[in-house]
Amino acid sequence: MLSGIQPTAGSFHLGNYLGAVRQWVALQETHDAFYMVVDLHAITVPQDPAELRANTRLAAAQLLAAGLDPERCTLFVQSHVPEHAQLGWVMNCITGFGEASRMTQFKDKSARQGNDRTTVGLFTYPMLMVADILLYQADQVPVGEDQRQHLELTRTLAERFNATYGGTFTVPDAYILKETAKIYDLQEPTAKMSKSAANAKGLVNLLDEPRATAKKIKSAVTDTGSEIRFDRAEKAGVSNLLSILSTLSGETIAELEEKYTGKGYGALKTDLAEVMVDFVTPFRERTHAYLDDPETLDAILAEGAEKARAVAAETLAQTYDKLGLVPAKH
């Protein structure tokens, strides 16, 4: 199992955590899991160097704070394992130009930025993503809908290489993350919670002051009427609050609807604010403990990179051998 997260966001937000990271924590118990902070993907668009370095450590610290355990999974930074870039080049060389041009994320981003500001790295990053997956002979890759096309490319290129040069790569399957509640913006409950939200009050950052988080919950948009029931069409705001409370508390939506029968929106918001504060307070403390001890954090990442390289180097050596590259003598 392999997955990665970009170090471009600073604090994780509630949608990141509930949609992906929380499930990674569970998957480390059942899979040989490799998780990475994908800093090489981050530089496909301009980055401030000091900010990128800080955000890379911050992403790793938050993953550990969320419950990833270096004893149960392999956690590392992508650029610490040079085999990613090396296999990425091989994948570039077996991908058709037309094939790469059809990647919808590239088309969307390049249309927004214009040709002159779009880098070749942005064009070829799906091939680096293919290399990320194939290096570890991953059987499964947790994907959302937006990454499904990249996984199809991974399967295509693995099969193409295997057919041309002989069996080398595991052809991975999508691991569809268990149905989790989609988390919507607190101010625009019909839009997914996102860093690019127009109104900062709609975004719950896990590293915000707990009091600020409670305030955002209490000022969340609700709906006309006072009945607390789950109905995405008619009651988008209340439904979003119920989803968040259900996911964090473990109570089902039906149990919560019954619990709040005859109560107003204020009761729901007050309870959710309390649950959120109970969740974010220890998360922030654990994250800051790792950031305040950079030696320990760097040692964890160095050990993760060593474990990752042990697997990646073997895959790359096999790939180079199949391609006919002359092995380096040490």
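Let me begin by describing the structure that accompanies this report. Every value quoted in this text rests on a predicted model; they were computed, and no experiment measured them. (Residues numbered from 1 in each chain as written. Predicted model: local features only at pLDDT ≥ 70, side-chain atom pairs only at ≥ 80, totals over all residues. Heavy atoms only, no water.)

Thoughts on helix 1 (residues 14-27)
One turn of an α-helix holds 3.6 residues; hence residues three or four places apart share an orientation. Selection rule: Numbering of helices and strands runs from the N terminus, with a helix taken as a DSSP run of H or I at least four residues long and a strand as a DSSP run of E at least two residues long. For a helix, the expected span equals 1.5 Å multiplied by the number of residues minus one. Each residue is assigned a bend, namely the angle between axes fitted to the seven residues that terminate at it and the seven residues that start at it. Each residue's exposure class comes from its accessible area (1.4 Å probe, protein chains only) as a fraction of the maximum for that residue type: buried when under 20%, exposed when over 50%, partly exposed otherwise.
With 14 residues, helix 1 should reach 20 Å at 1.5 Å per residue; the first-to-last C-alpha distance of 19 Å fits that figure. For helix 1, the principal kink sits at A20 and spans about 35°. Taken together, the buried positions of helix 1 are occupied by L14, Y17, L18, V21, Q23, W24, V25 and L27.

Looking at the side chain of T287
Note the following rule: Distance and chemistry together define a polar contact, namely a pair of N or O atoms within 3.5 Å, with one atom able to donate a hydrogen and the other to accept it when in protein, and with adjacent residues in sequence counting only for side-chain atoms on both sides.
Tracing the chain through its elements places T287 in helix 12 (residues 265-291). The class for T287 is buried, based on a relative accessible area of 0%. Of the polar contacts made by the side chain of T287, one reaches the backbone oxygen of F283; its length is 2.9 Å.

Describing the sheet that holds strand 1 (residues 2-5)
Put simply, the rule is: Strand pairing requires that DSSP identify at least two bridges connecting the strands. Axis angles are defined between N-to-C directions and span 0 to 180 degrees, where every axis is a line fitted to C-alpha atoms and, for a helix, only to the segment in contact. It only takes one pair of heavy atoms within 4.5 Å for two residues to be counted as in contact.
Across the sheet, three strands lie side by side as 1-2-3; this open sheet has parallel pairing. Each edge of the open sheet is held by one strand with a lone partner, namely strand 1 and strand 3 (73-77). Ignoring which end each strand starts from, the neighbouring axes of this sheet average 20° apart. Against the sheet, helix 13 (residues 294-323) contacts strand 2 (33-37) and strand 3, and its axis sits at roughly 105° relative to strand 3.

Topic: the environment of A197
Inspection of the secondary structure assignment puts A197 in the loop between strand 5 (173-176) and helix 9 (210-218). Using a relative accessible area of 23% as the deciding quantity, one classes A197 as partly exposed.

Let's talk about helix 4 (residues 83-93)
To be explicit about the condition: Directions pointing from the helix axis toward each C-beta atom define the arc.
For helix 4, the full list of buried residues reads E83, H84, L87, G88, V90 and M91. Looking straight down helix 4, one finds its buried side chains confined to an arc of 160°; they lie on one side. In the core, the buried residues of helix 4 are packed alongside strand 2, strand 3, helix 7 (120-135), helix 8 (148-165) and helix 13.

Side note on the packing of aromatic side chains
Keep this limit in mind: Note on aromatic contacts: the rings of Phe and Tyr and the six-membered ring of Trp form a pair at centre separations within 6.5 Å, being stacked when their planes are under 30 degrees apart, edge-to-face when over 60 apart, and tilted otherwise. The rule is short: NZ of Lys or CZ of Arg within 6 Å of the ring centre and within 35 degrees of the ring normal puts a charge over the ring.
If you walk through the whole model with that rule in mind, you get eight aromatic pairs. A ring pair is formed by Y17 and F279, whose centres lie 4.9 Å apart and whose planes are at 40°; its orientation type is tilted. Residue Y17 is located in helix 1, and its partner F279 is located in helix 12; the two are separated by 262 residues in the primary sequence. Pair check on accessibility: Y17 and F279 agree, each one buried. Measuring from ring centre to ring centre gives 6.2 Å for F279 and F283, while their planes differ by 25°; the resulting arrangement is stacked. In this pair, F279 and F283 are both assigned in helix 12, four residues apart and thus about one turn of the helix distant. Between R232 and the ring centre of Y184, over which it is positioned, the NZ or CZ distance is 3.8 Å.

Section: the pairing of strand 1
The condition is simple: The path from the first strand over the helix to the second decides the hand: if it runs clockwise while the strands point away from the viewer, the crossover is right-handed.
Across four bridges, strand 1 lies against strand 2 in parallel orientation. Paired with S3 across the bridge in strand 2 is Y35. Following the chain from strand 1 across helix 1 to the adjacent parallel strand 2, one finds a crossover that is right-handed.

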